[in-house]
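Examining the three-dimensional arrangement
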Amino acid sequence: MLLTVLTLDEAPRLEWRRVLTGYYRQTGDWSVYTLFPCIIFAEGDYYDNFISIGNGTYTFTSEPKWNGSCAVLPVKTGSVPDYALSPGLFISKKKNTRYSFPEIKTTVDGIALIDSSENRFSVLRSRHLRKDITL
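This write-up is about the structure you can find in this document. What you are looking at is a predicted structure, and each value in this text was computed from that prediction instead of being measured.

Considerations on the overall build of the protein
What the protein contains, in helices and strands, is one helix and eight strands. Since a compact globule built from 135 residues should have a radius of gyration of about 14 Å, the 14 Å found for the protein is in line with a globular shape. For the protein, the C-alpha atoms occupy an extent of roughly 45 × 30 × 25 Å along the three principal directions. In the protein, which comprises 135 residues, the proportion classed as buried is 48%. Across the protein, every contact between residues at least 6 apart in sequence was considered, and the portion connecting residues at least 24 apart equals 68%. A total of about 7200 Å² of accessible surface is found on the protein, and carbon and sulfur atoms cover 49% of it. Put simply, the protein has 16 plus and 14 minus side-chain charges, and the middle of one group is 4 Å from the middle of the other.

What follows is the structure in structure tokens.
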């Protein structure tokens, strides 16, 4: 399955990896490692579409939601394109995920096209995105 995702800046990516490792230790849900911490925007190839990420800052709800293929923390604040039907931070491939995650202000730096299967992923393309700067 092809996924269009936003990649995180290094500090929030490492912080989310730490949180997801804690989730794994409590639940045993190893599927947290089937994809790196990222914001899934859509299934399919939207890599070449125009995307505005505003200032690049996102927050998420604390309860995971099933988006049809994986559990995500839905985007609470942040710029989301029209084609993103249920965007969120990847958590797990497990459907019934019961866990309360912390609210972490997350910044993004790019977009990637991912080929994801049951227990592996490949980055097909990636590029950095420009953030809006307000003076």
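There is more to say after this.
A closer look at the nonpolar core
Counting 29 residues, the largest nonpolar core has Leu 6, Trp 16, Ile 39, Tyr 58 and Phe 101 as the members making the most contacts within it. Of all the secondary structure elements, the ones that give two or more residues to this core are strand S1 (2-8), helix H1 (10-27), strand S2 (38-43), strand S3 (57-60), strand S5 (71-77), strand S6 (88-92) and strand S7 (106-116). At four residues, H1 tops the list of elements feeding residues into this core.

What about the environment of Asn 49?
Structurally, the position occupied by Asn 49 is in the loop between S2 and S3. Note: C-alpha distance between Asn 49 and Val 72 (23 residues apart in sequence) is 22 Å. If sequence neighbours within four positions are ignored, Asn 49 has contacts with Tyr 83 and Arg 127.

Comments concerning the packing of aromatic side chains
Note on aromatic pairs: each is described by the distance of the centres and the angle between the planes. Inspection of every chain in the model, using the stated rule, returns seven aromatic pairs. Arranged with centres 5.5 Å apart and planes meeting at 70 degrees, the rings of Tyr 24 and Tyr 33 form a pair that is edge-to-face. Judged by its relative accessible area of 38%, Tyr 33 is partly exposed. A centroid spacing of 5.2 Å and a plane angle of 65 degrees characterise the contact between Phe 36 and Phe 121, whose relative ring orientation is edge-to-face. In this pair, Phe 36 is assigned in the loop between H1 and S2 and Phe 121 in strand S8 (residues 121-128), connecting sequence segments 85 residues apart. In textbook terms, an aromatic cluster arises when at least three aromatic residues are bridged by ring pairs, as seen for Tyr 23, Tyr 99 and Phe 101. Taking NZ or CZ as reference, Arg 127 lies 5.0 Å from the ring centre of Tyr 47, over its face.

Criteria and cut-off values
- Residues numbered from 1 in each chain as written.
- Predicted model: local features only at pLDDT ≥ 70, side-chain atom pairs only at ≥ 80, totals over all residues.
- Heavy atoms only, no water.
- Helix = DSSP H or I, 4+ residues; strand = E, 2+ residues; numbered from the N terminus.
- Rg over C-alpha atoms; globule rule 2.2 N^0.38 Å.
- Buried < 20%, exposed > 50% of the residue type's maximum accessible area, 1.4 Å probe, protein only.
- Contact = heavy atoms within 4.5 Å.
- Areas by Shrake-Rupley, 256 points an atom, 1.4 Å probe, with all protein chains shown as cover.
- Lys, Arg positive; Asp, Glu negative; His and termini not counted.
- Charge placed at Lys NZ, Arg CZ, Asp CG, Glu CD.
- Core = buried A, V, L, I, M, F, W, Y, C linked by side-chain atoms within 4.5 Å.
- Phe/Tyr/Trp six-rings, centres within 6.5 Å; stacked < 30°, edge-to-face > 60°.
- Lys NZ or Arg CZ within 6 Å of the ring centre and 35° of its normal.

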